[in-house]
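Inside the fold
These are the residues of each chain, in order.
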Amino acid sequence: MLFRSARLCNDAFVVVSRATQRNLQRYFGIGDARIRLIYSGIDFDAVDRDDGRDAVIRRELGLGNGPVLLNVARLFQQKGQRYLIRAMRTVADRVPGVRLLIRGEGPDRAELERMIAELGLGAQVSIIDRYRTHADVLALMRFCDVFVFPSLYEGLGIAPIEALALRKPCVASDVGPLPEVI
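Now for a quick tour of the structure. This is a predicted model, so every value here is computed, not measured. Numbering of residues starts from 1 in each chain and follows the order in which that chain's sequence is written. This being a predicted model, a pLDDT of at least 70 is required before a residue's local features are given, and a value of 80 or more before pairs of side-chain atoms are given or counted; all residues contribute to the totals for chains, interfaces and linings. Excluding hydrogens and water, the side-chain figures rest on all heavy atoms present in the structure.

**Comments concerning the packing of helix H6 (residues 134-143) against helix H7 (residues 158-165)**
A fitted line through C-alpha atoms serves as each axis, taken over the contacting stretch for helices, and the angle formed by two N-to-C directions is quoted from 0 to 180°. Every helix listed is a DSSP run of H or I at least four residues long, and every strand listed is a run of E at least two residues long, numbered separately from the N terminus. Following both chains from N to C, one finds H6 and H7 inclined at 55 degrees, their axes separated by 10 Å at the closest point. Taken together, the axes of H6 and H7 lie oblique to each other. By crossing handedness, the relation of H6 to H7 is classed as right-handed. Facing H6, whose interface residues are His 134, Leu 138 and Met 141, H7 presents Ala 159, Glu 162 and Ala 163. For this classification, Asp, Glu, Lys and Arg are treated as charged, while Ala, Val, Leu, Ile, Met, Phe, Trp, Tyr, Cys and Pro are nonpolar and the rest, including Gly, are polar. Looking at the contact of H6 with H7 residue by residue, the class counts come to four nonpolar, one polar and one charged. Any angle from 65 to 115 degrees is called roughly perpendicular, while one under 35 is roughly parallel, one over 145 is roughly antiparallel, and all others are oblique. The sense of a crossing depends on the near helix, which, turned anticlockwise from the far helix by less than a right angle, makes the crossing left-handed and, turned clockwise, makes it right-handed. Should any heavy atoms of two residues lie within 4.5 Å, those residues are counted as being in contact.

**Regarding the nonpolar core**
Counting 32 residues, the largest nonpolar core has Leu 61, Leu 70, Leu 101, Leu 140, Met 141, Phe 143 and Phe 147 as the members making the most contacts within it. At the level of elements, helix H2 (44-48), strand S4 (68-72), H6, strand S7 (146-149), H7 and helix H8 (178-181) are the ones that each hand at least two residues to this core. No other element matches H6, which puts six residues into this core. Other than its neighbours up to four places away in sequence, Leu 61 contacts Arg 99, Leu 101, Ile 128, Arg 130, Tyr 131, Leu 140 and Phe 143. Among buried residues, those of type Ala, Val, Leu, Ile, Met, Phe, Trp, Tyr and Cys that are joined through side-chain atoms within 4.5 Å constitute a nonpolar core. Here's how the labels work: a residue is buried when its accessible area is under 20% of the maximum for its type, exposed when over 50%, partly exposed in between, all with a 1.4 Å probe on protein chains only.

**Points about unusual backbone geometry**
Its identity as a non-glycine residue notwithstanding, Tyr 131 has a phi of 60 degrees, on the positive side. Tracing the sequence through the fold places Tyr 131 in the loop between strand S6 (125-128) and H6. Of the residues examined, Tyr 131 reaches a relative accessible area of 10% and is grouped as buried. Unusually for a residue other than glycine, Arg 167 sits at a positive phi of about 60 degrees. Mapped onto the fold, Arg 167 is located in the loop between H7 and strand S8 (170-172). Assessed through its relative accessible area of 74%, Arg 167 is described here as exposed.

**Observations regarding the environment of Gln 21**
Relative to the elements of secondary structure, Gln 21 occurs in helix H1 (residues 18-28). Note: C-alpha distance between Gln 21 and Tyr 83 (62 residues apart in sequence) is 28 Å. For Gln 21, the contacting residues outside a window of four places in its chain are Val 15, Asp 32, Ile 35 and Leu 37.

Structural data, given as structure tokens:
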């Protein structure tokens, strides 16, 4: 899992971050000459294209005027949403009207929904699996106030890069290449 972001290409490894490059060097003794760093790209034209969907989606979700936090990631242990939901209990007690939207699908959904109910956060936290297109996700990012990415480990997260391209404050775990991105 640690090197999922490294691919063997003939006689070299292609990696998506300096963190992965350092890990290949540290754990396998692979020299610089065999490692090629190629960052994953994003489509800046798509990021810049504002089609007004953000206002429509915000209205459909029934969001008030309070701050909106957004996490976009697969619902999987690695992505750290369980820690985010626990932290949200404190945030909701201190910030009136705050909402957390978690956009994703995955095997941990039922567990995360149970946590939300047990912590009494049904009015503050929503897991949404609609708005599946890339344009929809970018619209969610456009109206959020803060993008949160609590991954436990990462190759290189594209979602935080897109959020930063939209000039959104981004709070992310200090793991792998995320500090490099932020």
